[in-house]
Amino acid sequence: MTAARQIPGLVPGLVPDLIPCLRLAPELPPLQDILGHLREAARPSVAARMMAARQRGRAVVQPRCGVGSLAGMTALLRQIEAGAAPEVLTLTIDSHTRLERFARAAEVLAQAPERLNGFPMIAHGYGAVRQMAAGLHAPLQVRHGSFDGRRLFAETMAAGLSSFEGGPIGYNLPYCKDIPIRRSIAAWGEIDEAAALLTEAGFPVEREMFGSLTGVAVPPSIALATTLLEARLAADRGVKVISIALPQGGNMVQDIAALSCIAPLAAEFLPADVTCHRVLHQFMGVFPTDRARADGLIFTGGLTARFAGVEKVITKTYEEAIGIPGAEANIAGLNLTKGALSGKLCDLPLPQDAIAAERAQILAEVRDLIGPLIAAPNLPAAIEAALASGELDIPFPANPVARGLIYPVRDQTGALRYGRIGNLPFSERTRATMAEPLTDTGALSEAVRDAITYFSRP
Amino acid sequence: MTAPRNTRGTVVIGSTESDAHVVPIFLLSLELENRGYRVENLRCFNSAQSFAEAARALSANALVISNHNGQAYDDLHGLKEALGAENPIPVVLGGHYYVGTGDAADPEAALRDRGVTHFVSTVDGLIDLLEAGS
């Protein structure tokens, strides 16, 4: 009898070499061993931390961090835990592993781990990660940027970790070239099946969708549209705990409005048995180089999260403009954010009318973008066709499978608007309340540049 | 000032083989379109061969290469040979195309050996260069 057949409710006849993702890694332990480890370890899951945040009405915080060596990664996580006690910790994966160059990651790890820009989890192996996780209080999330994260998810399962970021749109279009979207959708479908399998076995896996895309001035309706499409694809494969992550744009009214759209859109477009959490990524664009202004942006990100009532904030640091942050900068960013989340420092009445107007506009845009796709009989095919026609698009896509016809600008309040809408299928009614697109290429070029450098300019 | 579209020739632009920085290429594309150029935006991760093929196929007036990860010398291996000696066009490189002081005493001389003919540090510098040649 296979390990899988012992789990109630699983597909009958599921055999080890057909188990999603694990089938790609015969060197990893069988599912039964993985489930046994999860039972014995009895560690808190990210899903449980997110639900606790919702129930107590205060967001959890999570840093971004990853270095090459096991000793360095362990020390970094312990330092951050000692200095700021984030409720969720991160393993940011290196570029070689993200791009499936596993042998190269192992080579660099052996020769010069300091040259890796993240943690090469497959090179270290699940056993090392289990040991590292056992010495930490907070559960770990794996963050990467891989258009096909199946092998990495297999290692994540074997390591007993309960959270995996990414999806077939957000981890494809900004990061790679000439990878067909159908390939990413198929790969991430297998990851989502594996996540569903663990969830069904009693170990819920939280899947976070990356709405930050290229990280540069993403209009809220684009971030919401892409993450909700990924969420629906994941839900269709059986995932039950999904986080929709949006980037802080910088205009607090617009950011609060965008985050407040997640729950109604999830209710409208996702199955009722899916728990959908709200996540804010602190500003992902071009950061100020001086610490005071960087800290200001981080603090307002924390306030935005508090006012929007989200479940989690992923923090930035004052070293963002300089390079990969160390422990001290991460601790400072986490504690600054926790100060903003505490409610002790700022609790002003919000401009509810302005937020409501912004929210109505964003909801209309998102419904125009994804309503027809989710109603289509074949969602992956509909997404592929919409990208080809430009009816689904993102700003500055690296991958030509997206047309790249839309450009972001900012209005006088710093809110993100469409400078050019390309072929996005906004209805007449939705367009009537949008800002006028900039037809002059020179004006558009200048406005786009200003939008990107909005916070980094003196 | 905006110039009439597609009246000043074709420019092929893109980042080098290992360079994921795509936003500067889109911005540059807008600037060049505004100046009347037809732009073929190859986006990021372009091999030397793909740059040369696109420039040849479109009879480009210039090839503009962006590199922001300091790996331009390695990434442009074979560019000179791929472009060939017939119908030479300006090959312009911009960005942060070498790391620190580099191993070579003169990194731009090494890049010239790869086939780069001009270096620019600003968009205005690029425009001046293109307009001087048109």
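These numbers were taken from a predicted model, which means no experiment stands behind them. Starting afresh in each chain, residues are numbered from 1 along the sequence in its written order. Here the convention is simple: chains get letters from A, ligands get numbers from 1, in the order in which they are written. Under the rules for a predicted model, residues below a pLDDT of 70 receive no local features and side-chain atom pairs below 80 are neither given nor counted, while totals for whole chains, interfaces and linings still include all residues. Water and hydrogen atoms play no part in the side-chain values, which are based on all heavy atoms of the structure.

A. Broad picture of the overall build of chain B. When helices and strands are tallied, chain B shows six helices and five strands. Atoms counted for the radius of gyration: C-alpha only. Globule rule: 2.2 Å times residue count to the power 0.38. For chain B, the C-alpha radius of gyration of 14 Å lies close to 14 Å, the compact-globule estimate for 134 residues. Principal-axis analysis of the C-alpha atoms places the extent of chain B at approximately 45 × 30 × 25 Å. Across the 134 residues in chain B, those meeting the buried criterion constitute 49%. In this description, contact between two residues means that some pair of their heavy atoms is separated by no more than 4.5 Å. Pairs at least 24 residues apart make up 79% of the contacts formed inside chain B by residues separated by at least 6 positions. For chain B, the accessible surface area stands at approximately 6400 Å², while carbon and sulfur atoms represent 49% of it. Just so you know, the count uses Lys and Arg for positive and Asp and Glu for negative, and it drops His and the chain ends. Working definition for charges: the position is that of NZ of Lys, CZ of Arg, CG of Asp or CD of Glu. Computed over 9 positive and 17 negative side-chain charges, the separation of the two mean positions in chain B equals 7 Å. Secondary structure follows DSSP: runs of H or I at least 4 residues long count as helices, runs of E at least 2 residues long count as strands, and numbering of each begins at the N terminus. Between buried and exposed lies partly exposed: a residue is buried under 20% and exposed over 50% of the maximum accessible area for its type, with that area taken using a 1.4 Å probe on protein chains only. The method behind every accessible area is Shrake-Rupley, applied with a 1.4 Å probe, and residues are considered shielded solely by the protein chains displayed.

B. Just the interface of chain B and chain A, in detail. The interface of chain B with chain A comprises 16 residues on the first partner and 22 residues on the second. Across the interface of chain B and chain A, roughly 1600 Å² is buried in total on both sides, 60% from carbon and sulfur atoms. We define a polar contact as two N or O atoms separated by no more than 3.5 Å, with the added condition that, inside protein, one atom must be a possible hydrogen donor and the other a possible acceptor, whereas residues neighbouring each other in sequence contribute only through side-chain atom pairs. At the boundary of chain B with chain A, the tally comes to ten residue pairs in polar contact (both at pLDDT 80 or more). The element contributing the most residues to the side of chain B that touches chain A is helix 1 (residues 23–34) of chain B, with seven residues. In terms of residue class, the side of chain B that touches chain A is made up of nine nonpolar, three polar and four charged. Buried area, as used here, totals the accessible surface that two parts lose on assembly, with accessibility defined by a 1.4 Å probe and the loss added over both. Residues are grouped as follows: Ala, Val, Leu, Ile, Met, Phe, Trp, Tyr, Cys and Pro are nonpolar; Asp, Glu, Lys and Arg are charged; all remaining types, including Gly, are polar.

C. View of helix 6 (residues 123–133) of chain B. All names here are of chain B. Restricting attention to buried positions, one finds in helix 6 the residues L126, I127 and L130. For helix 6, the buried positions fall inside an angular range of 100° around the axis, keeping them on one side. Every exposed residue of helix 6 that faces more than 90 degrees away from the buried side is listed here: D128 and A132. Arc definition: it is the arc formed by the directions from the helix axis to the C-beta atoms.

D. Fine view of the side chain of N251 of chain A. Residue and element names in this part refer to chain A. For N251, the position within the fold is in the loop between strand 6 (241–247) and helix 11 (252–260). Taking relative accessible area as the criterion, N251 reaches 11% and is therefore assigned buried. Of note is the side chain of N251, whose polar atom sits 3.0 Å from the side chain of T413. With residues up to four places along the chain from it excluded, the contact list for N251 reads T413, G414 and A415.

E. Focus on the pattern of salt bridges. Residue and element names in this part refer to chain A. Counted as salt bridges are all cases of a side-chain nitrogen of Lys or Arg within 4 Å of a carboxyl oxygen of Asp or Glu. Under the counting rule described, the total for this entry stands at 28 salt bridges over all chains. R143 is the partner of E165 in a salt bridge, and the nearest nitrogen-oxygen pair spans 2.5 Å. Within this pair, whereas E165 is found in strand 4 (residues 163–165), its partner R143 is found in strand 3 (residues 140–143), the two being separated by 22 residues in sequence. According to the relative accessible area criterion, E165 is buried, its value standing at 2%. Relative accessible area serves as the criterion here: at 3%, R143 is assigned to the buried category. One salt bridge in this structure joins R367 and E268, with 2.9 Å as the shortest N-O distance. Pair noted here: R367 is in helix 15 (residues 352–375) and E268 is in helix 12 (residues 262–269), with a separation of 99 residues, a long-range link. With a relative accessible area of 35%, R367 lands in the partly exposed category. For E268, a relative accessible area of 40% translates into the label partly exposed. One continuous salt-bridge network, built from bridges that share partners, spans R23, D148, R150 and E190.

F. Representation of the side chain of D255 of chain A. Residues and elements named next belong to chain A. In this fold, D255 is placed in helix 11. At 7.3 Å, R410 is the nearest oppositely charged side chain to D255, a buried residue that forms no salt bridge. A distance of 2.9 Å separates the side chain of D255 from the backbone nitrogen of G250, its partner in a polar contact.

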